[in-house]
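Coordinate analysis (summary)
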Amino acid sequence: MRTRAAVLRHPGKPFAVEDVELGEPGPGEALVRIAGAGMCHTDVIFRELPELPAPMVFGHEGSGVVEAVGPGVTRVAPGDHVVMSYDSCGWCGQCMAGAAPYCDEFMARNLSGVRADGSTGATDADGGPVAARWFGQSSFAAHAVATERNLVTVDPSLPLELLGPLGCGLQTGAGSVLIALNVRAGSSLAVFGVGPVGLAAVMAAKVAGAAEIVAVDLHAGRRELAMELGATRAVDGADPALAAVVGQVDHSFDTTGVPDVVRTAISVLRPRGTCGLVGVGGDITVPPMALAGRSLRYIFEGDAVPQQFIPHLIGLWRQGRFPFDRLIRTYPLDEINDAERDSANGTTIKPILLPS
Ligand SMILES: NC(=O)c1ccc[n+]([C@@H]2O[C@H](COP(=O)([O-])OP(=O)(O)OC[C@H]3O[C@@H](n4cnc5c(N)ncnc54)[C@H](O)[C@@H]3O)[C@@H](O)[C@H]2O)c1
Ligand SMILES: [Zn+2]
Ligand SMILES: [Zn+2]
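If you're wondering where the values come from, they're calculated on a predicted model, not measured in any experiment. (Residues numbered from 1 in each chain as written. Chains lettered and ligands numbered in written order. Predicted model: local features only at pLDDT ≥ 70, side-chain atom pairs only at ≥ 80, totals over all residues. Heavy atoms only, no water.)

Estimated volume of the largest pocket: approximately 1,000 Å³. Along its surface, the largest pocket is lined by 44 residues, and His41, Thr255, Thr256, Gly279 and Val280 are the ones closest to its centre. Mapped onto the lining of the largest pocket, the elements with two or more residues apiece are helix 1 (41-46), helix 3 (106-111), helix 4 (169-180), helix 5 (196-208), strand 12 (212-217) and helix 10 (336-344). The biggest single contributor to the lining of the largest pocket is helix 1, with five residues. (1 Å grid on protein atoms, 1.4 Å probe; cavity = no way out; pocket = protein on both sides within 12 Å on 5 of 7 lines; lining within 4 Å. Points joined across faces, edges and corners; volume = space filled by probe spheres on them. Helix = DSSP H or I, 4+ residues; strand = E, 2+ residues; numbered from the N terminus.)

With that settled, consider the site of ligand 1. Around ligand 1, 26 residues are found, and the nearest of them are Thr42, Asp217, Arg222, Ile299 and Glu301. Tyrosine 298 has a polar side-chain atom sitting 3.3 Å from a nitrogen atom of ligand 1. Expressed as a share of its isolated accessible area of 860 Å², the protein-covered part of ligand 1 is 88%. The cavity where ligand 1 resides is the largest pocket. Going through the elements one at a time, helix 1 and helix 5 are the ones with two or more residues in the shell around ligand 1. (Near = heavy atom within 4 Å. Polar contact = N/O pair within 3.5 Å; in protein donor to acceptor, adjacent residues only side chain to side chain. Areas by Shrake-Rupley, 256 points an atom, 1.4 Å probe, with all protein chains shown as cover. Sits in = over half its atoms within 2 Å of the grid points.)

Taken together, the protein donors to the zinc ion (ligand 2) comprise Cys89 (SG), Cys92 (SG), Cys95 (SG) and Cys103 (SG), at separations of 2.3 to 2.4 Å. Taken together, the four donor atoms coordinating the zinc ion (ligand 2) span angles of 104 to 117 degrees at the metal, a pattern that classifies the geometry as tetrahedral. Exposure remark for cysteine 92: the relative accessible area of 9% places this residue in the buried category. (Donors = N, O, S within 2.8 Å, 3.2 Å for Na, K, Ca; no water. Tetrahedral: all angles 85-135°; square planar, octahedral: opposite > 155°, others 65-115°. Buried < 20%, exposed > 50% of the residue type's maximum accessible area, 1.4 Å probe, protein only.)

Here the focus is the UniProt feature "domain: Alcohol dehydrogenase-like C-terminal" (unreviewed entry) in the chain. Under the feature "domain: Alcohol dehydrogenase-like C-terminal" (unreviewed entry), the UniProt entry names residues 196-303. As a span, residues 196-303 carries 34% helix and 27% strand, and end to end its C-alpha atoms are 17 Å apart. (UniProt positions renumbered as here; feature names shortened; annotations may be inferred.)

Once that is clear, we can look at the nonpolar core. Counting residues in hydrophobic clusters, the biggest one holds 50 residues, and the most contacted among them are Leu166, Phe253 and Phe322. Mapped by element, the contributors of at least two residues to this core are strand 10 (151-154), helix 4, strand 11 (188-192), helix 5, strand 12, helix 6 (220-229), helix 9 (306-318) and strand 18 (350-354). Each of two domains, domain 1 (2-167 + 323-354) and domain 2 (173-301), supplies a minimum of three residues to this core. Setting aside residues up to four positions removed in sequence, phenylalanine 322 forms contacts with Leu166, Leu170, Ala174, Ala200, Met203, Leu313, Leu316 and Trp317. Formed by 48 residues, the second largest nonpolar core is a distinct cluster that contains Leu8, Met56, Ala131 and Leu333. (Core = buried A, V, L, I, M, F, W, Y, C linked by side-chain atoms within 4.5 Å. Domains from an automatic or database assignment. Contact = heavy atoms within 4.5 Å.)

Spatial ordering of the open sheet is given by 13-12-11-14-15-16, a layout of six strands whose pairing is parallel. Strand pairing shows two members of the sheet lacking a second neighbour, strand 13 (233-236) and strand 16 (295-298), which therefore form its edges. Direction aside, neighbouring strands of the sheet carry axes that sit 15 degrees apart on average. As paired elements, strand 15 (residues 269-277) and strand 16 share four bridges and run parallel to each other. The residue of strand 16 that forms the bridge with threonine 274 is serine 295. In this fold helix 6 packs onto strand 12 and strand 13, with an angle of close to 165 degrees to the strand it touches most, strand 13. (Pairing = 2+ DSSP bridges. Axes fitted to C-alpha atoms, helices over the stretch in contact; angles between N-to-C directions.)

One pass over the full model with this rule turns up one cavity of 30 Å³ or more. Roughly 60 Å³ of volume is contained in the largest cavity. The wall of the largest cavity is formed by 13 residues, among which Leu22, Val57, Ala132, Ser138 and His143 lie closest to the centre. The set of elements that each furnish at least two residues to the lining of the largest cavity consists of strand 1 (2-8), strand 2 (16-22) and strand 9 (143-147). With three residues, strand 9 is the single largest residue contributor to the lining of the largest cavity.

What follows deals with the packing of helix 4 against helix 9. How two helices sit against one another is set out by the angle between their axes and by the gap between those axes. The contact between helix 4 and helix 9 brings their axes to 11 Å, and the two run at 95 degrees. Considering their axes alone, helix 4 and helix 9 lie roughly perpendicular with respect to each other. Here Leu170, Gln171, Ala174, Gly175, Leu178 and Ile179 of helix 4 lie close against helix 9, whose contacting residues are Pro306, Phe309, Ile310, His312 and Leu313. (Parallel < 35°, antiparallel > 145°, perpendicular 65-115°, else oblique.)

Secondary-structure assignment places histidine 60 in the loop between strand 4 (56-57) and strand 5 (62-69). Remark: the alpha-carbon pair of histidine 60 and glycine 169, spanning 109 residues in sequence, is separated by 9.6 Å. Those residues in contact with histidine 60, other than ones at most four positions away along the chain, are Cys40, Thr42, Asp43, Met84, Trp134, Phe135, Gln137, Ser139 and Cys168.

This paragraph deals with the pairing of strand 7 (residues 121-124). Sheet topology places strand 2 next to strand 7; three bridges connect them, and they run antiparallel. Note on strand 7: the bridge partner recorded for valine 20 is aspartate 124. Direction of pairing for strand 7 relative to strand 8 (residues 129-131): antiparallel, over a ladder of three bridges. Each residue of the ladder has a partner; that of glycine 121, found in strand 8, is alanine 131. Taking the residues that link successive antiparallel strands as the turn, the strand 7-strand 8 hairpin has four residues, and the phi of glycine 127 there is positive, at about 85 degrees.

Time to look at the state of the cysteines. Among covalent bonds in proteins, the disulfide is the one between the sulfur atoms of two cysteines. On inspection of all chains with the given rule, the structure shows zero disulfides. Looking at cysteine 275, it has no disulfide partner, and the nearest cysteine sulfur is the one in cysteine 40, 19 Å off. (Disulfide = S-S within 2.5 Å.)

Attention shifts here to the side chain of histidine 251. Inspection of the secondary structure puts histidine 251 in strand 14 (residues 249-254). The buried category is assigned to histidine 251, whose relative accessible area is 12%. Residues contacting histidine 251, with those up to four places away along its chain left out, are Leu181, Asn182, Val183, Ser187, Ser188, Leu189, Ala190, Leu269 and Thr274.

Quick look at the structure:
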């Protein structure tokens, strides 16, 4: 079918919204009319990389309405309202163990931009290939084809166009705290970088009943919002005595990916604490004894299974305990480059692109 999508033709260049021809949904796939698509920092990082498979459509926090399904699809039907998350195979040992973020095929299905067989899923007006399988969805578009396993059905009474970020950034921050780090009532957590992922972590730590939630960021506005959303203390990331000012905590969580900040996040841990990393950044080195009795791990998607965790987050939102809508600013899809600029300079926390 003919639709419109924000196509990236050259790494690092602006997106251009153009007509594309989207292939029919194949076995296990569904066609979704996009209501909104969040921009995650992962889109922004990967769009700079030189090895794009072809002109590519990014976007991996889509939400919308199922319009058609391919052969063998049984869990969603036309008319269903869905949130789109990451893709996984469903059959490997990790998927079977409920650890779908660590699916044997996670990289191929989510970060390659194309299907496992190398097909791109879309073509441009001249018939050239357009990679439209980023995170199994490529949702910076008016329509996307996603796999059934990407999709989480939601109540049609919800504000559908705002729900996409639950599929990645918000799930990652909240799941890291509630599932991966298993933050308990009365414990302490320091969150380094309070963009959308870090703010979701702050809200989740409050849900968990953490006694101390320290929010660290370079942006004063983001620190203020973190205080409104549950942080008990905010610290300027540029403070030369950062580690001492943060103090010792039970858990730490880094979303910046900045090596110096990650080392600080490790150094503030109490023994037997865990430092969770999600940021995409440079290599880190620490002396082995910095990890004495401590754990360090990189977390994908908050360890969350979307079909289980996204309904949980929606339930918390309904109770006023996970007010993620306060992070959002919407833009028409045609203004995608402005949305990216506003996210980069810190004025918008979570942009959502509306195709119509
Ligand atoms: N592992 C996963 O599954 C997963 C999922 C989603 C996002 N991510 C990654 O998580 C990271 C965060 O995503 P986001 O969308 O929240 O990004 P973001 O860029 O909006 O947020 C990062 C925050 O860190 C702050 N920051 C940067 N440098 C800092 C410093 N030196 N000290 C203190 N604060 C600093 C920024 O001001 C910003 O508020 C990105 O790297 C993204 O690629 C990973
Ligand atoms: Zn798998
Ligand atoms: Zn993401």
